[in-house]
Amino acid sequence: MINNIFKHSIRALNRQKGYVLINIIGLSIGIACSLLISLFVINELSYDQFNTKKDRIFRVVLHGKLGGQEAHVSSTASVIAPTMMQEFPEMEDFCRMNFWGETVIKYDEQVFTESSFAQADSAFFKIFSIPLIKGNIETVLNAPHKVVLSESTAKKIFGNDDPIDKMIRVGTDSSLYKITGVMQDVPELSHFHVNMLGSFVTNPRANEGQWLSNSFSTYVLLKEGASQESVNEKFHPMLVKYVGPMMQQIFGISFDEFLDKGNQYSLVLQSLTDIHLDPDIEHEVKPASDPKFLYIFGSIALLIIIIAAINFMNLSTAQASKRAKEVGIKKVSGSSRGMLIRQFLTESLFLSFLSLIFAIFIIELSLPYFNNLLNSSLKLDYTGEWYTIPGLAIISILVGILAGSYPSFFLSSFKPVSVLKGSIKDSMKNGKLRSILVVLQFSISIILIVGTLIIFKQINFMINKDMGFNKKHLLVIRRASVLGSKIKTFKDELSNIPGVINVSASTAVPSYNNNGNGYTMEGRDQETFLLETNWVDYDYFDTYDINISLGRKFGMEYATDQEACIVNNSAVQSFGLDKPFETRFSIPDDNPEAEARFMPVIGVVNDFHFRSLHSRIEPYMFRFKNDDILWGYVSIRIAADASKGTLKEIESIWKDFTSNEPMQYFFMDEDLKRLYKEEQQNAKLSIVFTIIAIVIAALGLFGLTSFTVEQRTKEIGIRKALGASVGNIYYIISKEIIILVSISTLLAWPAIFFIARNWLQNYHYKITLNVFDFLTGFLIALTIAVLTISYRALKSAGLNPAESLRYE
């Protein structure tokens, strides 16, 4: 029986080649897009899953609030993990990490720039599932100045030679490091990337007892059966015990009193597998992905499948009048409704299976493009995972059932008597259901069009918004510490280069902030104020073109300026500084007997964006950079018409001052785009999938128009014989589609307004939704619909009436 059903299905499909082809193309593209999006979503959800102990690994996260300013960071004090190990019975081990980022490595006369260097405790390889190829897991990182290389880094530096026990220089450290191990490359699906690990005990702060100096990432491994909640409950008593006395010394209040004033200082454990999808936590490793985009693309995948399924339903029900006689004859011959349902579902499943095969070809052809777009290595592994092939089969079955269920029940419901009377054919011309499905298709398409337009507008707004400083023609050199005490002389040399306008040294630059400090204020001793702090020289404000709105900048003629500070407007407003020049900040001291060290405010700058536009501008303080502060950046303002030779001269002087150290630099305007990389990638994906969704909808509309024209061929001939023009005929055919697209628009607008408004809430600085955005979506959808039906409509309108009247 199954064999007969399959044969009947094949014969039936063969009689509808044109519509079958449209269905296969639509379903193939729909399935391919959905699978690509699924690969992307699965890839994002797979971060850190390779760790065999992932359910027991946690990162310690600090939640702080001081003077109304909040911080949620993965930076913690180095003393926390050892204390937890001593006092929490749930603890099995810990690993502190200090991520350096880009670091210069020297071996013999060779110099290498490694992108990801980090210091780690000796338990690193016991906690994380990164195999050690060479070396002893117990000793590779158990002493100062030991280093483990990744396999690819060892190959790059030493070729085929054995690197074990060889000595290298790391950064500006005067001591040599001994290579004690080689590890496999850290998997791409890890929330951090390192290619060199130095021993954490090398860090001079590894054993410090300072609880309020939060600079390191702390990972803990809990014992089997230990509860994350029970550890979280023990953090508060631990902080009261150790941080409380320091609070008392610094602020003159107890820890609980500090909290009662609306402040916050708490620690919690964050599951390892949650890190990659939690952008609210600031950290110095790979940028976290925003889970809202996973929901967006998951929804797009579902919507594309729905559009493709609607095509199938529409074209199948539209063909009902042609298949009505087939159904009537089979029912008269003894076929039951159940047999007919099975036949029509078999047709649907067969088409879905064919579409899956074509979809796999589409995926294989398009994966390189998507991987290049996402900077990833997505792949459809057919044999690597047991569930891949069954999963593809299930997708094919589900799509086949989704697309074919309604047509199957609809077609099988025809009664032989109605078929013979021709009432089925007449009723199918009405097509109310098809109109509803077309409206649904174009509503989805308009939602995707308008949504993509809004995403692009928001990204362009963020990239092009005035940052409050001049980001163009600004070259920033990292690792100013390499210059040592020669920074001032280096600046003087650069100033003599034609094309160099200004040079400045600072400890931070926009988007690279590294010091959030707490201060007290004269006359408000019981309050604490958190400000992002940047130590700058005399030339900083001219170099960055930051406007002083009140007061003045640091000046050489004022000796006391070295103990003064400059704040931004946000600090003035947030802290209620009605008379900012009568305000003096002071630095809390661990020693309550020490004399207070006050810093008067001498200037107020206009607010500028020192972070991405995702977050609002917080209070900011500039302090003077004395000669003993050597670390940070050198920023160089270059003339707009400067030649490439200017950069070469800068590099030449750098090498002269640093004994041929490589110059690591970036241009500020280009680097700031990095902050919105995820949005840019996702916007490109959105527009690709929106175009595909529109193409699928247009395919269905083309097929439906072709059917409508066929059904009305005789009517068109009569109208032409009575004097109707081509324009009149075109209007009659296209009028219904224009009305349906207009209805689709009215349904789509409220939905996309709600979605877009909620999405924009994630950005503190955002565009304002306007009517034009929504009208554009309507006009694009209408244009696509009209162009889609025009060929068939105009061809039909141009037929000779005699031929039309002979039709059927």
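All of these numbers come straight from a predicted model, not from anything done at the bench. (Residues numbered from 1 in each chain as written. Predicted model: local features only at pLDDT ≥ 70, side-chain atom pairs only at ≥ 80, totals over all residues. Heavy atoms only, no water.)

### Comments concerning the overall build of the protein chain
Check the secondary structure of the protein chain and you find 24 helices and 22 strands. Relative to all contacts within the protein chain whose residues are 6 or more apart in sequence, the contacts with residues 24 or more apart total 80%. (Helix = DSSP H or I, 4+ residues; strand = E, 2+ residues; numbered from the N terminus. Contact = heavy atoms within 4.5 Å.)

### So, the pairing of strand β20 (residues 620-624)
Among the five residues of β20, five are classified as buried, and the element is accordingly described as predominantly covered. Neither face of β20 is open: one carries Tyr620, Phe622 and Phe624, the other Met621 and Arg623, and all of them are buried. Strand direction decides the pairing type here: strand β15 (residues 524-536) and β20, joined by five bridges, are parallel. Bridged to Trp535 within β20 is Arg623. Where strand β17 (residues 565-568) meets β20, three bridges bridge the pair, whose relative direction is antiparallel. Each bridged residue has a counterpart across the sheet, and for Cys565 the counterpart in β20 is Arg623. (Buried < 20%, exposed > 50% of the residue type's maximum accessible area, 1.4 Å probe, protein only. Pairing = 2+ DSSP bridges.)

### Quick notes on the nonpolar core
Soluble globular proteins tend to bury their nonpolar side chains together. Counting residues in each nonpolar core, the largest one holds 111 residues, and the members touching the most others are Phe541, Tyr544, Ile546, Phe554, Phe622, Met668 and Phe689. If sequence neighbours within four positions are ignored, Phe541 has contacts with Val536, Ile546, Ile548, Lys553, Phe554, Ile566, Val605 and Phe622. Counting residues in each nonpolar core, the second largest holds 32 residues, with Ala77, Met246, Tyr265 and Leu269 among its members. (Core = buried A, V, L, I, M, F, W, Y, C linked by side-chain atoms within 4.5 Å.)

### Things to note about the pairing of strand β10 (residues 217-222)
Most of β10 sits out of view: six of its six residues are buried. Looking at chain direction, strand β1 (residues 57-66) and β10 are connected through three bridges and run antiparallel. The residue bridging Phe58 from the neighbouring strand is Val220, located in β10. Where strand β3 (residues 91-107) and β10 come together, six bridges link them in antiparallel fashion. Along β10, the bridge assignment pairs Cys95 with Tyr219.

### Quick look at the pattern of salt bridges
This structure, assessed with the given rule, holds 25 salt bridges. Lys491 is the partner of Asp537 in a salt bridge, and the nearest nitrogen-oxygen pair spans 2.6 Å. Of the two residues, Asp537 sits in the loop between β15 and α16 (540-544) while Lys491 sits in helix α15 (residues 487-495), which places them 46 residues apart along the sequence. Asp537 gets classed as buried once you look at its relative accessible area, which sits at 8%. (Salt bridge = Lys/Arg side-chain N within 4 Å of Asp/Glu carboxyl O.)

### Here we look at the packing of helix α3 (residues 80-87) against helix α6 (residues 228-251)
Look at α3 against α6: their axes get within 12 Å of each other, and the N-to-C directions meet at 110°. When the axis of α3 is compared with that of α6, the two are roughly perpendicular. Handedness of the crossing formed by α3 with α6: right-handed. Seen from α3, the contacting residues are Ile80, Thr83, Met84 and Glu87; seen from α6, they are Val231, Phe235, Met238, Lys241 and Tyr242. Split into classes, the residues belonging to the contact of α3 with α6 amount to six nonpolar, one polar and two charged. (Axes fitted to C-alpha atoms, helices over the stretch in contact; angles between N-to-C directions. Parallel < 35°, antiparallel > 145°, perpendicular 65-115°, else oblique. Left-handed = near helix turned anticlockwise from the far one by under 90°. Nonpolar A, V, L, I, M, F, W, Y, C, P; charged D, E, K, R; others polar.)

### A closer look at the environment of Val536
One can find Val536 in strand β15. A residue is classified by how much of its surface remains accessible, and Val536, at 0% relative accessible area, is buried. Distance in space between the C-alpha atoms of Val536 and Phe554 is 9.1 Å, their sequence separation being 18 residues. Other than its neighbours up to four places away in sequence, Val536 contacts Ala505, Ser506, Phe541, Phe554, Phe622, Arg623, Phe624 and Lys625.

### Notes on the environment of Asn514
Relative to the assigned elements, Asn514 resides in the loop between β13 (500-506) and β14 (516-521). Between the C-alpha atom of Asn514 and that of Thr533, which follows or precedes it by 19 residues, the distance is 7.9 Å. Apart from residues lying up to four places away in sequence, Asn514 is in contact with Thr507, Ala508, Glu532, Trp631 and Tyr633.

### Some points on the side chain of Gln458
The residue Gln458 is located in helix α14 (residues 432-464) in this model. Take Gln458: its relative accessible area is 0%, and that puts it in the buried class. Discounting chain neighbours no more than four positions away, the residues touching Gln458 are Trp759, Leu760, Tyr763, Tyr765, Lys766 and Ile767.

### A closer look at the side chain of Gln119
Along the chain, Gln119 turns up in strand β4 (residues 110-120). Relative accessible area serves as the criterion here: at 2%, Gln119 is assigned to the buried category. Polar side-chain contacts of Gln119 include one of 3.0 Å to the side chain of Asn203. (Polar contact = N/O pair within 3.5 Å; in protein donor to acceptor, adjacent residues only side chain to side chain.)

### Section: unusual backbone geometry
The phi torsion at His145 lies on the positive side, around 60°, for a residue other than glycine. Classification of His145 by relative accessible area gives partly exposed; the value is 23%. Residues other than glycine seldom take positive phi values, yet His473 does so here, at roughly 55°. The topology assignment puts His473 in the loop between α14 and β12 (474-477).

### Points about the packing of α15 against helix α18 (residues 644-658)
Any two packed helices are characterised by the angle at which their axes cross and by the distance between the axes. Axis separation between α15 and α18 bottoms out at 10 Å; the angle between their running directions is 155°. In terms of orientation, α15 lies roughly antiparallel with respect to α18. α18 is crossed by α15, and the crossing has right-handed handedness. Residues Thr489, Phe490, Glu493 and Leu494 of α15 form the contact with α18, whose participating residues are Ile650, Ile653, Trp654 and Phe657. Among the residues making up the contact of α15 with α18, the classes are represented as six nonpolar, one polar and one charged.

### Some words on the packing of aromatic side chains
Here a ring pair, both rings aromatic, is described through the centre-centre distance and the interplanar angle of the planes. Applying the stated rule across the entire model yields 40 aromatic pairs. Ring centres of Phe99 and Phe192 lie 6.0 Å apart, and the angle between their planes is 45°; this geometry places the pair in the tilted category. Note that Phe99 is positioned in strand β3 and Phe192 in the loop between β8 (176-183) and β9 (196-199), a separation of 93 residues in sequence. The class for Phe192 is buried, based on a relative accessible area of 1%. (Phe/Tyr/Trp six-rings, centres within 6.5 Å; stacked < 30°, edge-to-face > 60°.)

None of this, on its own, says anything about what the molecule does.
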